[in-house]
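Observations on the three-dimensional arrangement
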Amino acid sequence: MTIYSIVMDKPCLAVTPTGNRYYKLSQDTNISVITDIGCFEFGFKAGFVTNFRSGGRFVDGFIDQVGDEKKSLIYLIHDAFYTPCDDCEGEHPATRELSDEFLRDGLEWAGMGKIKRNVVYYSVRAFGKSAYEEDDFLTDTNRTLFTFRWSAKEAG
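Report on the accompanying structure.

Rules of the game
- Residues numbered from 1 in each chain as written.
- Predicted model: local features only at pLDDT ≥ 70, side-chain atom pairs only at ≥ 80, totals over all residues.
- Heavy atoms only, no water.
- Core = buried A, V, L, I, M, F, W, Y, C linked by side-chain atoms within 4.5 Å.
- Buried < 20%, exposed > 50% of the residue type's maximum accessible area, 1.4 Å probe, protein only.
- Helix = DSSP H or I, 4+ residues; strand = E, 2+ residues; numbered from the N terminus.
- Contact = heavy atoms within 4.5 Å.
- Patch = residues over 30% accessible without salt bridge, like charges linked within 9 Å, V, L, I, M, F, W, Y side chains within 5 Å.
- Areas by Shrake-Rupley, 256 points an atom, 1.4 Å probe, with all protein chains shown as cover.
- Salt bridge = Lys/Arg side-chain N within 4 Å of Asp/Glu carboxyl O.
- Lys, Arg positive; Asp, Glu negative; His and termini not counted.
- Charge placed at Lys NZ, Arg CZ, Asp CG, Glu CD.
- Axes fitted to C-alpha atoms, helices over the stretch in contact; angles between N-to-C directions.
- Parallel < 35°, antiparallel > 145°, perpendicular 65-115°, else oblique.
- Left-handed = near helix turned anticlockwise from the far one by under 90°.
- Pairing = 2+ DSSP bridges.

On to the nonpolar core. In this structure, Ile-31, Phe-42 and Phe-44 are the most contacted members of the largest nonpolar core, which totals 36 residues. When residues in this core are grouped by element, the largest group, seven residues, is from helix H1 (residues 69-81). With residues up to four places along the chain from it excluded, the contact list for Phe-44 reads Leu-25, Gln-27, Asp-28, Thr-29, Ile-31, Leu-76, Ala-80, Leu-145 and Phe-146.

Okay, structure coming up:
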């Protein structure tokens, strides 16, 4: 997937640390992702919780968790893709495969080097199945705190 742009209705993500390497959004935020397959639109409510990382703790030693706005947007959106959404009748907004493809290609858009982004991608492919399939306290918190809409690119 090619990511052309990510547009947010705020000048930056406003988050509050909640402990144990988690953050919650401090204000409602709308994000549009323009890709070669269409447009993904997210409406995040204040309180949505994220950890701004994917791939497990072992990648944290050489990949920053926070600090880069573009990468933070990619991780936030990936977390939403991994969360069943009440707005989507309790289903995930995207398949796991598409979610992880978005993560890999989004990290490229954000400027992450090929080696690091492949470490993240293959780590989440190897270890992310349970995060996608099993509900936990974050799922219960987040499923009502975002909306999702996808507009497929029209054939031209």
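Moving on to a negative patch on the surface. A cluster of acidic side chains, namely Glu-133, Glu-134, Asp-136 and Asp-140, defines a negative patch on the protein surface. With respect to the secondary-structure elements, Asp-136 resides in the loop between helix H4 (129-133) and helix H5 (137-142).

Turning our eyes to something else, we now look at the side chain of Asp-100. Looking at the secondary structure, you find Asp-100 in helix H2 (residues 96-109). Residue classification places Asp-100 among the buried positions, given a relative accessible area of 0%.

Relative orientation of the contacting elements H2 and helix H3 (residues 114-127) amounts to 165 degrees, with a least axis distance of 9 Å. Between H2 and H3, the angle is such that the two are roughly antiparallel. Pair H2 / H3 crosses with right-handed handedness. Of the residues in H3, those in contact with Arg-96, Glu-97, Asp-100, Glu-101, Leu-103, Arg-104, Leu-107 and Glu-108 of H2 are Arg-117, Asn-118, Val-120, Tyr-121, Val-124, Arg-125 and Ala-126.

Our focus in this paragraph is the sheet that holds strand E3 (residues 22-25). Strand order in the open sheet formed by three strands is E2-E3-E6, with antiparallel pairing between adjacent strands. Where the open sheet ends on each side, the last strands, each with one partner, are strand E2 (15-19) and strand E6 (49-50). When E3 meets E6, the two strands line up antiparallel, connected through two bridges. In the strand pairing of E6, Lys-24 is matched with Val-49.

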